[in-house]
Amino acid sequence: RIVSPTETVYGDRGAYDVINGILVLVGKNLRLVGETDTITARDSLEYWEKKQMAVARGAAEATREDKRIKADVLTAYFEPGAKDNLELKRIEAFGNVRVATREEYARGEHGMYYTDREVAILDGAVKITRGDNQLNGEYAEVNMKTGVSRLLAGPPGSKGGDRVRGLLVPKRKPDRGSES
């Protein structure tokens with residue numbers, strides 16, 4: 001366990017490269033716990049002190065309240081905050097990216113989450129699922145604060161790729177005429 005004024009990092013074994021300022025933890029139950037965020041990993045958890053970033057590898061997950069972002073690899077970027085402590089500003093996600101809120105589930109190949117705006121950007125074979133409904137496209141903006149998502153055939157300004165496709169399932173009304 002490594003403790004700083006604002007975070008605690010957990011792992012079974014660790015190595016610290018003093019010259020480059022890189023800490024690598026391995027073992028079970030790898031996690032970095034901050035005031036509002038928790039980052040976990042299965043394979044390794046790295047902290048790059050000089051670059052003010054953390055890398056979670058293998059079934060990586062970042063959690064803030066009821067919002068989650070998962071991927072094969074998550075890279076978290078920190079910046080000095082108001083109290084001279086480091087604050088998580090953005091997370092870049094690579095491979096099997098999944099974003100979840102209370103209402104919605106979205107996935108893609110690559111993602112970026114901006115903590116200050118609470119917006120996740122996903123690209124590459126994006127699927128957004130809410131209840132029984134699913135939308136497919138190449139680029140999505142998921143506002144995790146408002147619950148409003150935007151799905152496009154490609155990133156803004158691009159020529160786009162395939163069309164946006166969707167499966168919308170109407171809610172069934174109870175059949176009032178039949179009795180059992």
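Just so it is clear, the model here is predicted, and its values are computed rather than measured. (Residues numbered from 1 in each chain as written. Predicted model: local features only at pLDDT ≥ 70, side-chain atom pairs only at ≥ 80, totals over all residues. Heavy atoms only, no water.)

A. Spatial organisation of the overall build of the chain. Regarding its fold elements, the chain presents zero helices and 15 strands. For the chain, the proportion of its 180 residues judged to be buried stands at 36%. A fraction of 30% describes how many contacts in the chain between residues 6 or more apart in sequence connect residues 24 or more apart. Carbon and sulfur atoms form 49% of the exposed surface of the chain, whose accessible area is close to 11,300 Å². (Helix = DSSP H or I, 4+ residues; strand = E, 2+ residues; numbered from the N terminus. Buried < 20%, exposed > 50% of the residue type's maximum accessible area, 1.4 Å probe, protein only. Contact = heavy atoms within 4.5 Å. Areas by Shrake-Rupley, 256 points an atom, 1.4 Å probe, with all protein chains shown as cover.)

B. The arrangement of the pairing of strand β14 (residues 149-152) in detail. As paired elements, strand β13 (residues 133-143) and β14 share four bridges and run antiparallel to each other. Paired with Ala-140 across the two strands is Leu-151, which belongs to β14. (Pairing = 2+ DSSP bridges.)

C. Up close: the side chain of Arg-64. In this structure, Arg-64 sits in strand β8 (residues 53-64). Among all residues touching Arg-64, those that are not within four sequence positions of it are Thr-36, Asp-37, Leu-88 and Thr-115.

D. Spotlight on the packing of aromatic side chains. Enumeration over the complete set of coordinates arrives at one aromatic pair. A ring pair is formed by Tyr-47 and Phe-78, whose centres lie 6.3 Å apart and whose planes are at 65 degrees; its orientation type is edge-to-face. Taken together, the residues Tyr-47 in strand β7 (residues 44-48) and Phe-78 in strand β9 (residues 67-80) connect sequence positions 31 residues apart. Tyr-47 sits in the partly exposed class, given a relative accessible area of 22%. The lysine or arginine in question, Arg-90, covers the ring of Tyr-77, its NZ or CZ lying 4.0 Å from the ring centre. Taking the ring centre of Tyr-114 as reference, the NZ or CZ of Arg-117 above it sits at 4.7 Å. (Phe/Tyr/Trp six-rings, centres within 6.5 Å; stacked < 30°, edge-to-face > 60°. Lys NZ or Arg CZ within 6 Å of the ring centre and 35° of its normal.)

E. Focus on empty space enclosed by the protein. Under the definition given, this model contains one cavity of 30 Å³ or more. Of the voids in this model, the largest cavity is the one considered here, and its volume is about 80 Å³. Put simply, the parts of the chain that give the lining of the largest cavity at least two residues each are β8, β9 and β10 (86-100). Tallied by class, the residues present in the lining of the largest cavity amount to six nonpolar, two polar and four charged. (1 Å grid on protein atoms, 1.4 Å probe; cavity = no way out; pocket = protein on both sides within 12 Å on 5 of 7 lines; lining within 4 Å. Points joined across faces, edges and corners; volume = space filled by probe spheres on them. Nonpolar A, V, L, I, M, F, W, Y, C, P; charged D, E, K, R; others polar.)

F. Molecular detail of the pattern of salt bridges. Under the counting rule described, the total for this entry stands at ten salt bridges. In this structure, Glu-61 engages Arg-68 in a salt bridge whose closest nitrogen and oxygen atoms are separated by 3.7 Å. Judged by relative accessible area, Arg-68 falls into the partly exposed class, the value being 34%. A salt bridge links Lys-67 to Glu-65; the nearest nitrogen and oxygen atoms lie 3.2 Å apart. Its relative accessible area of 67% is what places Glu-65 among the exposed residues. Linked through salt bridges whose partners overlap, the residues forming this network are Glu-65, Asp-66, Lys-67 and Glu-118. (Salt bridge = Lys/Arg side-chain N within 4 Å of Asp/Glu carboxyl O.)

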